[in-house]
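Listed below, chain by chain, are the residues.
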Amino acid sequence: MQTPNPSAEQKRAEITQREPIAAIATPSGEGGIAVIRVSGRDSIALVQRIFSGADLTAKASHTIHYGCITRNERILDDVLVSLFRAPRSYTGEETVEISCHGGVINTQLVLEAVLHAGARAAEPGEFTQRAFLNGKIDLSQAEAVADLIHARSKKAAESSRQQLEGKLGDYVKVFRQQIIDATAMIELELDFIEEDVEFASRDDLRRLFTDLVSSIDQLLETYETGRIVKHGVRTVFAGAPNAGKSTLLNTLMGRERAIVSDIAGTTRDVIDADWSYDGLLFTLTDTAGLRVTDDAIEAEGVRRSRKAVAEADLVLFLSDLQNPDPQDAQVMAEIRAQWPEKPLLVVGTKADRKELLKQPAEAQARIRHDIEVSSLEGTGIDELKRMMKDAVLENRDIDTSGLLVTSSRHRDALEKTRRHVHTALKGLDTGLTGDLLSIDLRTALHELGTITGEITTEDLLDSIFSRFCIGK
Ligand code: GDP
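Everything numeric here is computed off the predicted structure, so don't read it as measured data.

Here a ring pair, both rings aromatic, is described through the centre-centre distance and the interplanar angle of the planes. Tallied over the full model, the rule gives five aromatic pairs. Note on W275 and F282: the rings are 5.1 Å apart at their centroids and 40° apart in plane angle, and the pair reads as tilted. Each residue in the set F132, F465 and F468 is aromatic and connected to the rest through ring pairs, giving one cluster. Sitting above the plane of the F127 ring, R37 keeps its charged end 5.2 Å from the centroid.

Structure representation (structure tokens):
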């Protein structure tokens, strides 16, 4: 069911104080302190019931108080309690944050005391969901909170910060206003249909729609970079067994990760490892190689390798400079033919042994290496890292100071918006009537509204907030 939500501004004025919920907001484990967050109606009075120290209910917002959390007249822990009165809190509701000593058991005991005092255990993402429902943040900002928490590289964190600050929402707001103004004028004309007046000059509308389409295109163009920044570059190491794939993967990562062995075909499964370079995340996948084989287990490895190559953002094809595999040229040609668009770097390995090349194989002569490296001696490795980054980003800059569209949900909504504005633009040329123009514009508005959450469905909210951890 679709529920149009009131605008964020409207909602800010009407914070709903829901039932109090509580959760541990810090990661589970041993640590100096842990924070338990309590939010909702009369949270301060609730915490007061298990707090010995000052009278919290009489204290001002944004103050911190020292005291003890007690249960059955026993002191559980000495804590610092931070008070946030509505609407000046993350959720917009009255909120208390209890900083207690860390440690799994201690933190759990304090949480249990809070639950016993009347709070309900929070669902994943429920605090952020309340912040959204209370108009403190829009939906794209709520999603950015999850992205920031899950960020695995510096660039990913920076780009979520931009979205968290509301940059995407700002763009959407401008687009919406322009479409609303145009729709209003077109619909006004409909009221005066007899008089045959034109409130909105067709030239002005044409200019407006053209500008909108190009602004949306500019945002959409950031998606490819945005996706890579958010999810990382899926990098597949392909090449014959013993080409040096596992060794190179370990060299890039600077630690032992994949199994390195002298027996051809040992890396039978696909191995994934996260590696960060220049703020960008690469997910390195070592494959079993892509050669023809009779061995059933190895054949399964080859099947998985092909799948990994198909899904990759970048393929490193490794060929042993000293002892090239006769199938190399053929396998590489196949990759090029099947995935012509895929960024591919041909890496000559074991450069330290190049001069030991006994029989310059014919296959070797047919391979043009983009770079030669030695994992053993470290030569060519820095250059390779730079080439890997350039290969996926081409000449694009990752400018995380601007907004990157990183979510396929946002991209889809922007594409649909663009399509409808574009249809309206074409409609102007074909003399489409105002009522039909207005249908396209209203659909475009609807699509924009799904980004920031003016338009939501239960399913959408569930799928977004279930990605969160408890306590967020
Ligand atoms: P994979 O089957 O493609 O993963 O190949 P491995 O990484 O397991 O390497 C196969 C063999 O080549 C191992 O004995 C490695 O020690 C050796 N090797 C890998 N890289 C280099 C290198 O740069 N120089 C030399 N001399 N040997 C290497």
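Anyway, onward from the coordinates.
This part is about the side chain of D147. Its place among the elements puts D147 in helix α5 (residues 139-150). Leaving out residues up to four positions away in the same chain, D147 has contacts with S160, Q163, K230, T406 and R467.

Next up on the list: the pairing of strand β6 (residues 74-84). Both strand β5 (residues 63-71) and β6 contribute to a ladder of nine bridges, which runs antiparallel. Bridging across to β6, C68 finds its partner in D78. Once β5 ends, the chain turns through two residues before running back antiparallel as β6, passing N72 with a positive phi of about 50°. Here β6 pairs with strand β7 (residues 95-101) via five bridges, running antiparallel. By the bridge assignment, F84 is partnered in β7 with T95.

As a further point, take the sheet that holds β6. Pairing within the open sheet is mixed, and its seven strands lie in the order β4-β5-β6-β7-β3-β2-β8. For this open sheet the edge positions go to β4 (51-53) and β8 (120-121), each flanked by a neighbour on one side alone. In this sheet, β8 lies alongside strand β2 (residues 21-24) in parallel orientation, the contact comprising two bridges. Residue pairing across strands places A22 opposite A121, the latter belonging to β8. Where helix α4 (residues 126-133) meets the sheet, it contacts β2, β3 (33-39) and β8, and its direction lies at approximately 135° from that of β2.

This part takes up the pattern of salt bridges. In the structure shown here, the tally under the stated rule is 27 salt bridges. In this structure, the salt-bridge partner of E158 is K154, at a minimum N-O distance of 3.8 Å. Placement of the pair is E158 and K154 together in helix α6 (residues 154-164), with a separation of four residues, close to one helical turn. According to the relative accessible area criterion, K154 is exposed, its value standing at 56%. Put simply, E19, E93, R120, E126 and R130 are held in one network by salt bridges that share partners.

With that settled, the discussion passes to helix α17 (residues 458-465). By the burial criterion, the buried members of α17 are L460, L461, I464 and F465. Looking down the long axis of α17, one finds its buried residues gathered within 115° of arc, a one-sided arrangement. α17 presents E458 and D459 as exposed residues on the side facing more than 90 degrees away from its buried surface. The inward-facing, buried residues of α17 contact α4, α5, α15 (408-429), α16 (434-452) and β15 (455-457).

All right, on to the environment of E341 then. Following the sequence through the fold, E341 ends up in the loop between α12 (328-338) and β13 (344-349). Residue classification places E341 among the exposed positions, given a relative accessible area of 74%. When the C-alpha atoms of E341 and D313 are compared, they prove to be 10.0 Å apart, with 28 residues separating the residues in sequence.

The next subject is a nonpolar patch on the surface. A cluster of nonpolar side chains, M185, L188, F192, V197 and F199, forms an exposed patch at the surface whose accessible area comes to about 380 Å². Along the chain, M185 turns up in helix α7 (residues 167-191).

Take the side chain of Q141 next. Secondary-structure assignment places Q141 in helix α5. When near neighbours in sequence (up to four residues on either side) are disregarded, Q141 contacts Q163, L164, E165 and G166.

Attention now moves to the nonpolar core. Counting 32 residues, the largest nonpolar core has F282, L284, L314, L345, V347, L384 and M388 as its most contacted members. Elements supplying a minimum of two residues to this core: α9 (223-231), β9 (233-239), α10 (245-253), β10 (271-277), β11 (280-286), β12 (314-320), β13 and α14 (381-393). Ranked by residue count, the leading element in this core is α14, at seven residues. Not counting the four nearest positions on each side in its chain, L345 is found in contact with L314, V315, L316, F317, D370, L384, M387, M388 and A391. Core analysis: the next-biggest nonpolar cluster, separate from the first, contains 29 residues, V172, I179, L205 and V421 among them.

Analysis parameters
Residues numbered from 1 in each chain as written. Predicted model: local features only at pLDDT ≥ 70, side-chain atom pairs only at ≥ 80, totals over all residues. Heavy atoms only, no water. Phe/Tyr/Trp six-rings, centres within 6.5 Å; stacked < 30°, edge-to-face > 60°. Lys NZ or Arg CZ within 6 Å of the ring centre and 35° of its normal. Helix = DSSP H or I, 4+ residues; strand = E, 2+ residues; numbered from the N terminus. Contact = heavy atoms within 4.5 Å. Pairing = 2+ DSSP bridges. Axes fitted to C-alpha atoms, helices over the stretch in contact; angles between N-to-C directions. Salt bridge = Lys/Arg side-chain N within 4 Å of Asp/Glu carboxyl O. Buried < 20%, exposed > 50% of the residue type's maximum accessible area, 1.4 Å probe, protein only. Arc of directions from axis to C-beta. Patch = residues over 30% accessible without salt bridge, like charges linked within 9 Å, V, L, I, M, F, W, Y side chains within 5 Å. Areas by Shrake-Rupley, 256 points an atom, 1.4 Å probe, with all protein chains shown as cover. Core = buried A, V, L, I, M, F, W, Y, C linked by side-chain atoms within 4.5 Å.

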